[in-house]
Amino acid sequence: MGRTRTLAEVYRQFGEVDGTSPLYERVAAALSESGEALRAIEAAPARKRQPALILAALHDLALAGRAPALAAAYAAGDGEAAARAATDTLVRMTDSIAAIAARRALRTNENGRGAVLYPAIAEAARRAGANTVGLIDLGRAAGLNLNVDRAGITYSNGQSLGDPASPVQLSCSIVAERPVPGTAIPEVVARVGVDVDPLDVTDAEDARWLRACLPPERVATLDAEMALAATAPPVLVRGDAVEVLPDAIAAVPAEALPVVTTTWALSRFSLEARVRFLHRLDEVAARRPVAWVSAEGVGVAPAIPTFGDRRASGHSIIGLAVFDGPAVHVESAGRCWSRGRLLAWLADSR
């Protein structure tokens, strides 16, 4: 077994390979070089010292007006100033940062996933012959996936789906020859979010924490998504996703097709829980049709074929399943990368 990396090495590597935020890369590098900052990070519980969570706690203080120098550096996009301010804030406000990290879980809810979910949900509804659907999103605390039908999506091959006038506009690169299906999602009559600790986008503290979990450069997109979600807040169901799934499905009107979505959520479940999740869908299907759309790492989603791909291949499999009584249709609809920013649609639209 390899040796355990030091905290400084963890932060230095994050700064070198994160690739999503120049500001965070510079801040993480600076923290890795400061003994005082590293000692401050060690005030947080051991499992809460990872760079993304500590950076989110710092960002939360900046957004709350409690770290004005850091907020100003982030607003200016000044990496050097941000590095100095973050180090100073960590040392001065160690207890506050440790408390935030201990209390909160990292929530990355930015909805690039919509470009993958939209065609898969529409295809599931078409195959089930559904005129209306109810969307049930598992494991994404704020339920932003539930507004996929209200976003506008543009693909690199010239296709577009959704609402072109929406304040939320998503883009996705197509990396295969086959286009995505052009079918529209039917009318959505229910939106239900399921999580052990759901976040309400209409609550000021919850909304601020969602912003804090993203690098400053990416908050504008999230703000548009939260504003859209706030105009039609979902039903939030608190609890273990597998246990409360029947209750969530029951919130969908009987005439509508429940479509359960999981996007990079099942990896947090044990293998036993994933199998029980599949059994829950089977149980519901004895009473009404239900669909499941997934975007999960290779081999993570039970029963979804993997094209023979190896686990940890760097991409994810888009799963499409329709359960109707004893009849079950399960297939892989394609591959995606970068949380849905690159897509290879591979399924036939028959």
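In case you missed it, the structure is sitting above this.
Per chain, residue numbering runs from 1 following the sequence as it is written. Reporting in this predicted model follows two pLDDT cut-offs: at least 70 for local features of residues, and 80 or more for side-chain atom pairs to be given and counted; totals over whole chains, interfaces and linings ignore these cut-offs and use all residues. Only hydrogens and water are removed before side-chain values are computed, so all heavy atoms of the structure are retained for them.

Peer 1: Please clarify how the packing of aromatic side chains should be interpreted in this entry.
Peer 2: Centre-to-centre distance and the angle between the planes together describe a pair of aromatic rings. A pair of aromatic rings is counted whenever rings of Phe, Tyr or Trp (Trp by its six-membered ring) have centres within 6.5 Å, and the orientation is called stacked for planes under 30 degrees apart, edge-to-face for over 60 and tilted otherwise. Counted under the stated rule, the structure contains two aromatic pairs. Seen from their ring centres, Phe277 and Trp292 are 5.1 Å apart, and the 80° between their planes marks the pair as edge-to-face. With a gap of 15 residues between them, Phe277 in helix α12 (residues 271-285) and Trp292 in strand β8 (residues 290-297) connect regions that are remote in the sequence. For the pair Phe277 and Trp292, one class covers both residues: buried. Where helices and strands are cited, they refer to DSSP runs of H or I of at least four residues and of E of at least two residues respectively, numbered from the N terminus. Buried, partly exposed and exposed residues are distinguished by accessible area as a fraction of the type maximum, computed with a 1.4 Å probe on protein chains only: under 20%, between the cut-offs, and over 50%, respectively.

Peer 1: Before we go on, may I ask you to explain unusual backbone geometry in this structure?
Peer 2: As a rule of thumb, non-glycine residues mostly have phi less than zero, and peptide bonds are mostly trans rather than cis. Unlike most non-glycine residues, Trp264 shows phi in positive territory, near 50°. With respect to the helices and strands, the residue Trp264 is situated in the loop between β7 (257-263) and α12. Exposure remark for Trp264: the relative accessible area of 8% places this residue in the buried category. Positive phi, normally seen in glycine, also occurs at Phe307, with a value near 60°. Summarising the element assignment, Phe307 is placed in the loop between β8 and β9 (316-324).

Peer 1: What is the right way to look at the pairing of β7 in this model?
Peer 2: Two faces belong to every sheet, and in a regular strand the side chains alternate between them. With seven of seven residues buried, β7 lies mostly within the body of the structure. The alternating pattern of β7 places Leu257, Val259, Thr261 and Thr263 and Pro258, Val260 and Thr262 on opposite faces, both of which are buried. Pairing between strands is defined by DSSP: at least two bridges between the two strands are required. By the bridge criterion, six bridges tie strand β1 (residues 132-138) to β7 in an arrangement that is parallel. Bridge pairing in β7 places Leu138 opposite Thr262. Here β7 pairs with β8 via five bridges, running parallel. Of the residues in β8, the one forming a bridge with Thr263 is Ala295.

Peer 1: What should I look at first to understand α12 in this one?
Peer 2: An α-helix turns once per 3.6 residues; consequently, residues spaced three or four apart project the same way. Each residue after the first adds 1.5 Å to the expected span of a helix. The end-to-end C-alpha separation of α12 is 22 Å, in line with the 21 Å expected for 15 residues at 1.5 Å each. Of all the positions in α12, only Ala273, Arg274, Phe277, Leu278, Arg280, Leu281, Val284 and Ala285 are classed as buried. Down the axis, α12 shows its buried residues gathered within 150° of arc, on one side only. Residues of α12 that are exposed and angled more than 90 degrees away from the buried face: Leu271 and Glu272. Contacts made by the buried residues of α12 are with β1, α11 (241-250), β7, β8 and β9. Our arc is simply the arc of the directions from the helix axis toward the C-beta atoms. Should any heavy atoms of two residues lie within 4.5 Å, those residues are counted as being in contact.

Peer 1: How should the packing of helix α4 (residues 51-63) against helix α7 (residues 94-103) be read in this particular structure?
Peer 2: Relative placement of two packed helices is described by the angle separating their axes and the distance separating the axes. As a packed pair, α4 and α7 sit with axes 9 Å apart at the nearest point and diverge in direction by 120°. Of the two possible hands of crossing, α4 and α7 adopt the one that is right-handed. Across from Leu53, Ile54, Ala57, Leu58, Asp60 and Leu61 in α4, the residues of α7 making contact are Ile97, Ile100 and Ala101. For this classification, the nonpolar set comprises Ala, Val, Leu, Ile, Met, Phe, Trp, Tyr, Cys and Pro, the charged set comprises Asp, Glu, Lys and Arg, and every other residue, Gly included, is treated as polar. Looking at side-chain class alone, the contact of α4 with α7 contains eight nonpolar, no polar and one charged residues. Note on geometry: axes are C-alpha line fits, over the in-contact stretch for helices, and angles between N-to-C directions span 0 to 180 degrees. The hand of a helix crossing depends on one turn: near helix anticlockwise from the far one by less than a right angle means left-handed, and clockwise means right-handed.

Peer 1: What is the right way to look at the sheet that holds strand β10 (residues 327-337) in this model?
Peer 2: The strands that make up a sheet are held in pairs by hydrogen bonds between backbone atoms, and each pair lies either parallel or antiparallel. Across the sheet, 11 strands lie side by side as β3-β2-β4-β11-β10-β9-β8-β7-β1-β5-β6; this open sheet has mixed pairing. Only two strands of the sheet have a single partner each, and these edge strands are β3 (160-162) and β6 (235-238). Mean inter-strand twist for the sheet, computed between neighbouring axes without regard to direction, equals 25°. Pairing between β1 and strand β5 (residues 187-195): seven bridges, direction parallel.

Peer 1: Please explain the pattern of salt bridges as it appears in this structure.
Peer 2: Side chains that carry opposite charge are capable of pairing whenever their charged atoms lie near each other. We define a salt bridge as a side-chain nitrogen of Lys or Arg found within 4 Å of a carboxyl oxygen belonging to Asp or Glu. Applying the stated criterion across every chain, the model contains 17 salt bridges. For Arg104, the salt bridge identified is with Asp206, shortest N-O distance 3.6 Å. Separated by 102 residues along the polypeptide, Arg104 in the loop between α7 and α8 (114-128) and Asp206 in helix α9 (residues 204-212) bring together distant segments of the chain. In terms of burial, Arg104 and Asp206 fall into one category: buried. The salt bridge involving Glu331 is made with Arg127; its shortest N-O contact spans 2.1 Å. In this pair, Glu331 is assigned in strand β10 and Arg127 in helix α8, connecting sequence segments 204 residues apart. Exposure remark for Arg127: the relative accessible area of 24% places this residue in the partly exposed category.

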